[in-house]
Every structure is written in C-alpha cells, then in structure tokens.
2 protein chains.
Amino acid sequence: MERKGKAFIISGPSGVGKSTVLKALFEGRDDLYFSVSATTRDPRPGEVNGQHYHFISPEQFMQWINEDAFLEYAQYVGNFYGTPMRYVDEAMEAGKDVILDIEVQGAMQVIAKRPDTIRIFIAPPDWDELERRLTMRGTDTPEKIQQRLLRAKVEMKTAMDYDYFVINSTVENAVAELRAIILAEHCRIDERMDELMNI
Amino acid sequence: MERKGKAFIISGPSGVGKSTVLKALFEGRDDLYFSVSATTRDPRPGEVNGQHYHFISPEQFMQWINEDAFLEYAQYVGNFYGTPMRYVDEAMEAGKDVILDIEVQGAMQVIAKRPDTIRIFIAPPDWDELERRLTMRGTDTPEKIQQRLLRAKVEMKTAMDYDYFVINSTVENAVAELRAIILAEHCRIDERMDELMNI
C-alpha cells in the first residue's frame, strides 16, 4: 500500500515537556521524519549541520524567502529561523509523516500555505503542574517563570483553532495520544478515497 | 479526569469480517460499550435477552417509536429492529465509548439525531479478497455472492460522507486503527475545550 506522508505541527508552551515527548515519539519509528529548521545563527559547540539546524548564510536565507522556499520563518534576536519546504515535501513523497516543531505564530504561516497540515497542541495537565516543571528546571527566576506561565496561557488561547490537544500528564500517555492521532488521520475518508476507488 | 463517552457507528459490507474485528476490539476494554438492538422477532435458541437483543413486543416497539426513544430503526422481513437511545446515553454518561453496529441507512438516521456521532466504515483490502471471504464462508450460492459484492460496492459509495475508513487487511491492523480513531477523537479540541478552560 503506497501511502503519502502527512505533516503534523506540534506546538506547546515552554516547560510542557515537548522535547521529551518528541524524543519518545521517534523511538523505533523510521516512518516519521523530524523537520530540521534552517537558521542564520552560528552553530554552537556540538551542533551538527543538517541535524540540529541547516546552518545557512543570511544571503542564502534571503534567497529562500524570495523563492518562497519556506513553510514559515521568523526573526528572533537578530537571527532568522525557518522551515525549508523542500525537505518536508521530500519526506512526505517518500511516505513519511513529518513532525514540525513549530510555535503557534509559525503554525499560522504553515496553514496558510498547506491547509491540510494537522495541528496538535501539547498542554500541561494543569497550571500548577506547569509552574512546578518550570521551577524544577531551575533555569529561571520566579518573575521569569510567571512570565512564561502567562505566555503559556495566551498561547493556549491562540491555539483554539488547532485540531488536537494532547495532555502531557505522562510521557507515555502523550506519546500514545500522538501516535493514535497520526494513525487515525491516515484512516480519514479523504485520505483513503484514492485507495478505495481502486478496490 | 472526568470524560464523557463518545458514540461510534461501525458499518461494513457483508463478509468484510466486522464481527471478528468487533470481538477483538472489545477484548480487555471495559471502557467500551456495545449497543444492543431491540427487536420484535422471537429469540432463537441460545439468544439471551439484553445480551444479543432486547426482545420486546410489537406494541412496546410502537410505543418507543412514538416516544422518539430510538436512535434509528428499520423493518426487515416482517420484524422491527432498532437502537434504543436510553442505553447509549447511559453508557456515555458513565464515560464509556459506545460502539453502534449499524448499516449505512441506519447511520443516516443516527446522524440526523446526533450529528457528533463518529462514523467508521470497515472496508475490505480489495474486491477479490471480499469475494474470497464470501466464498470461503460457504453459505451463499455464486449468484448470491455476486449480489453481495454489488451491494458492498453500493454501500461503500453511500458511505463516502463517513469520517473514517478502516481497511481490514488483518484483524490486528483493523483493531489498531479503530483504537487509534477512538483515542484520537478524545483528543479533539472541541472535546477537550472544557478541560482546558479549567486549567
């Protein structure tokens, strides 16, 4: 059965545990492709080109913008970050499902270009738990944590037009829900229409 | 987490293996409730009231129709068959997902009353395979098998407004897809809105 891959945006507020969930999601799954962003910032020690980011020059980035080669892009503290369309399309053509780790603002740009992209928001089980996780990381001041909490609440409100909310009560639970969503989306009638017409 | 159950209609052509798939789906799952139909026909040997059917009198059936107590009903070779709303609602209130084994015509009646019911059609991997399964059952003449095949194709066309198609290539595969659909539907944004507003 020759099936085309689908694209899934996964967003979630700072501290929700998205990276841990994504890492677990990819375990043993070579039918999934993680979309690697392009950036104009310099590589940090240990960062590998094409794995952590596609490190490109500002000139190259501008050229890709002009060629409409990004699904979304943004500027952040003086550097550009973007999702090159090419790798996403190649993976989907090869039958892989593409996971895009993109924030709510970027997701809007993707949807404008590819309305059939599925959007999933990873939510904390409750705000106290999110505050606890942010505190436990030990990287932020109490003021910074309150700012992150407020931002998370705003993000969740703007994600109200997403397709799915996955609640990260445990990593196992969140991964099970993500895998169910990916499989269920491949069972959708519009997805299987072509196959069924042939039978 | 207090969640309300959802209702899922599962349809499929004769010979597709729906009963086997449903049996496997229910294994070890007490969060699922199988909707038992009411009928005016007499119980056959071994049939248990409330388990295989709710066996009721024609007068009772007519009263339930008048009370709008059925999600759907139909007459078939002189007897009435219908889905009583009450048991479905009770199960959903108790947090169970309800599985309704209903054909395409009945599904339309259910959707008219409960538009949020999810419709899943179980399709054969291909027509040759369906013909092979019908032949292997050994219960039908070749003419009858051709009639069933034609009916299956018509049924599939009328099921084009369903939500999902599950392809019964293997029982394990079909059950995995059904479970993924049920779980994914509980992750939908409209489903989780209330929970998220509280966090």
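*Asks:* Would you take a moment to explain the overall build of chain A for this structure?
*Replies:* A count of helical and extended segments in chain A gives eight helices and nine strands. Relative to a compact globule of 199 residues, whose C-alpha radius of gyration would be 16 Å, chain A shows 18 Å and is just as compact. Counting every position in chain A, which comprises 199 residues, the buried fraction comes to 32%. Of all intrachain contacts in chain A linking residues separated by at least 6 positions in sequence, the fraction that spans at least 24 positions is 67%.

*Asks:* Could you clarify how one ought to interpret the relation of the copies chain A and chain B in this entry?
*Replies:* Superposition of the two copies of the chain requires a rotation about an axis together with a shift along that axis. Superposing chain A onto chain B requires a rotation of 180° together with a translation of 0.0 Å along the rotation axis, leaving an RMSD of 0.0 Å. In symmetry terms, the pair is related by a two-fold rotation axis. Using C-alpha coordinates, one finds that chain A approaches the rotation axis most closely at A180 of chain A, a distance of 2.1 Å. Most of the interface of chain A is mirrored in chain B, where 100% of its interface residues are also at the interface.

*Asks:* Honestly, the sheet that holds strand 3 (residues 38–39) of chain B in this entry has me stumped. Any pointers?
*Replies:* All names here are of chain B. With mixed pairing, the four strands of this open sheet are ordered in space as 4-3-6-5. Among the strands making up the open sheet, the edge pair consists of strand 4 (54–55) and strand 5 (70–76). Pairing analysis gives two bridges linking strand 3 to strand 6 (residues 79–84), with the strands arranged antiparallel. If you follow T39 over to strand 6, its bridge partner there is Y81. Across the face of the sheet, helix 3 (residues 85–93) comes into contact with strand 5 and strand 6 while running at roughly 20° to strand 6.

*Asks:* Even after reading the chapter, I still don't get the sheet that holds strand 7 (residues 97–101) of chain B, so can you show me in this structure?
*Replies:* Within a sheet, neighbouring strands are paired by backbone hydrogen bonds and run either parallel or antiparallel to one another. All names here are of chain B. Taking strand neighbours across the sheet as the criterion, the five strands line up as 2-7-1-8-9 in an open arrangement whose pairing is parallel. With partners counted over all chains shown, the strands left at the sheet margins are strand 2 (32–34) and strand 9 (164–167), one partner each. The mean angle between the axes of side-by-side strands here comes to 25°, regardless of whether they run parallel or antiparallel.

*Asks:* I would appreciate a short explanation of the pairing of strand 7 of chain B in the present structure.
*Replies:* On a regular strand, one side chain projects to one face of the sheet and the next to the other, so that they alternate. Residue and element names in this part refer to chain B. Counting buried residues in strand 7 gives four out of five residues, a clear majority hidden from the surface. In terms of strand pairing, strand 1 (residues 7–11) meets strand 7 through four bridges, oriented parallel. If you follow I9 over to strand 7, its bridge partner there is L100. The pairing of strand 2 with strand 7 spans three bridges and is classified as parallel. When the sheet's bridge partners are listed, Y33 is paired in strand 7 with V98.

*Asks:* Just checking my understanding: could you explain the pairing of strand 1 (residues 7–11) of chain A for this structure?
*Replies:* All names here are of chain A. Counting buried positions over the five residues of strand 1 gives five, a clear majority of the element. Pairing geometry for strand 1 and strand 8 (residues 118–123), over four bridges, is parallel. Directly across from S11, in strand 8, lies its bridge partner F121.

*Asks:* Where do I start with the packing of helix 1 (residues 18–26) of chain B against helix 7 (residues 171–186) of chain B in this structure?
*Replies:* Helices that pack against each other are described as a pair by the angle of their axes relative to one another and the distance between those axes. Residue and element names in this part refer to chain B. Direction vectors running N to C along helix 1 and helix 7 enclose 60°, while the axes themselves pass 9 Å from each other. Relative to helix 7, the element helix 1 is oriented oblique. Judged by the twist between their axes, the crossing of helix 1 over helix 7 is right-handed. Facing helix 1, whose interface residues are T20, V21, A24 and L25, helix 7 presents V171, A174, V175 and L178. In terms of residue class, the contact of helix 1 with helix 7 is made up of seven nonpolar, one polar and no charged.

*Asks:* Would you take a moment to explain the interface of chain A and chain B for this structure?
*Replies:* Where the parts come together, the accessible area they lose is often given as the size of the interface. Contact residues are listed per partner, giving 22 residues for chain A and 22 residues for chain B. At the level of secondary structure, the elements contributing two or more residues to the side of chain A that touches chain B comprise strand 9 (164–167), helix 7 (171–186) and helix 8 (189–198) of chain A. If you tally residues by element for the side of chain A that touches chain B, the top one is helix 7 of chain A, at five residues. Partitioning the side of chain A that touches chain B into residue classes produces 17 nonpolar, no polar and five charged.

*Asks:* Just checking my understanding: could you explain the nonpolar core for this structure?
*Replies:* Side chains that are nonpolar tend, in soluble globular proteins, to be buried together. One finds I120 of chain A together with I120 of chain B to be the most contacted residues of the largest nonpolar core, which totals 91 residues. In this structure I120 of chain A touches F8, I9, I10, Y162, D163, Y164, V166, L178 and I181 of chain A, once residues within four positions along its chain are discounted.

*Asks:* What am I meant to see in unusual backbone geometry here?
*Replies:* Generally, phi is negative for residues other than glycine and the peptide bonds are trans, each holding for most cases. Residues and elements named next belong to chain A. With a phi angle near 55°, D68 is a residue other than glycine that sits in the positive phi range. Mapped onto the fold, D68 is located in the loop between helix 2 (58–66) and strand 5 (70–76). Take D68: there are 9 C-beta atoms within 10 Å of it, and that puts it in the exposed class. Located in the positive-phi region is V77, a residue other than glycine, with phi close to 35°.

*Asks:* How do you make sense of the environment of A123 of chain A when you look at a structure like this?
*Replies:* All names here are of chain A. Along the chain, A123 falls in strand 8. Overall, A123 belongs to the buried group, with 25 C-beta atoms counted inside 10 Å. The spatial distance from the C-alpha of A123 to the C-alpha of L149 is 12 Å, given a sequence separation of 26 residues.

*Asks:* In this structure, what is going on with the environment of A176 of chain A? I would like to understand it.
*Replies:* Residue and element names in this part refer to chain A. Tracing the backbone shows A176 in helix 7. When the 16 C-beta atoms within 10 Å are taken as the criterion, A176 is described as partly exposed. Separated by 10 residues in sequence, A176 and V166 have C-alpha atoms that sit 9.6 Å apart.

*Asks:* It is not clear to me how the confidence of the model for chain A should be interpreted in this structure. Could you clarify?
*Replies:* Interpreting fine coordinate detail is not advised for predicted regions of low pLDDT. Chain-level statistics for chain A give a pLDDT mean of 92 and a share of 96% at 70 or above. The ipTM for the predicted assembly is 0.88, set against a pTM of 0.90.

Definitions and cut-offs
Here the residue numbers are simple positions, counted from 1 along each chain's written sequence. In the order they appear in the text, chains get letters beginning with A and ligands get numbers beginning with 1. Side-chain atom pairs in this predicted model are given and counted only at pLDDT of 80 or more, local residue features only at pLDDT of at least 70, and totals for whole chains, interfaces and linings cover all residues. The way it works is that DSSP assigns letters per residue, a run of H or I at least four long becomes a helix, a run of E at least two long becomes a strand, and they are numbered from the N terminus. Computation of the radius of gyration draws on C-alpha atoms alone. For the globule rule, the value is 2.2 Å times the number of residues to the power 0.38. Counting other C-beta atoms within 10 Å of a residue's own tells you its class, since 20 or more makes it buried, 12 or fewer makes it exposed, and anything in between is partly exposed; those C-beta atoms are placed from the backbone. Residue pairs qualify as contacts under a 7 Å threshold applied to their C-beta atoms, which are placed from the backbone. Copy-to-copy superposition: least squares on the C-alpha atoms, limited to residues that have pLDDT of at least 70 in both copies. Note on pairing: two strands pair once DSSP finds at least 2 bridges between them. What counts as an axis is a line fitted to C-alpha atoms, over the stretch in contact for a helix, and the angles between N-to-C directions run from 0 to 180 degrees. Roughly parallel here means an angle under 35 degrees, roughly antiparallel means over 145, roughly perpendicular means 65 to 115, and every remaining angle is called oblique. We call a crossing left-handed when the near helix sits turned anticlockwise from the far one by less than a right angle, and right-handed when that turn is clockwise. Polar here means any residue outside two lists: the nonpolar Ala, Val, Leu, Ile, Met, Phe, Trp, Tyr, Cys and Pro, and the charged Asp, Glu, Lys and Arg; Gly therefore counts as polar. Working definition: the nonpolar core is a set of buried Ala, Val, Leu, Ile, Met, Phe, Trp, Tyr and Cys residues, joined through C-beta atoms within 7 Å. pLDDT is a residue-level measure of predictor confidence that goes from 0 to 100.

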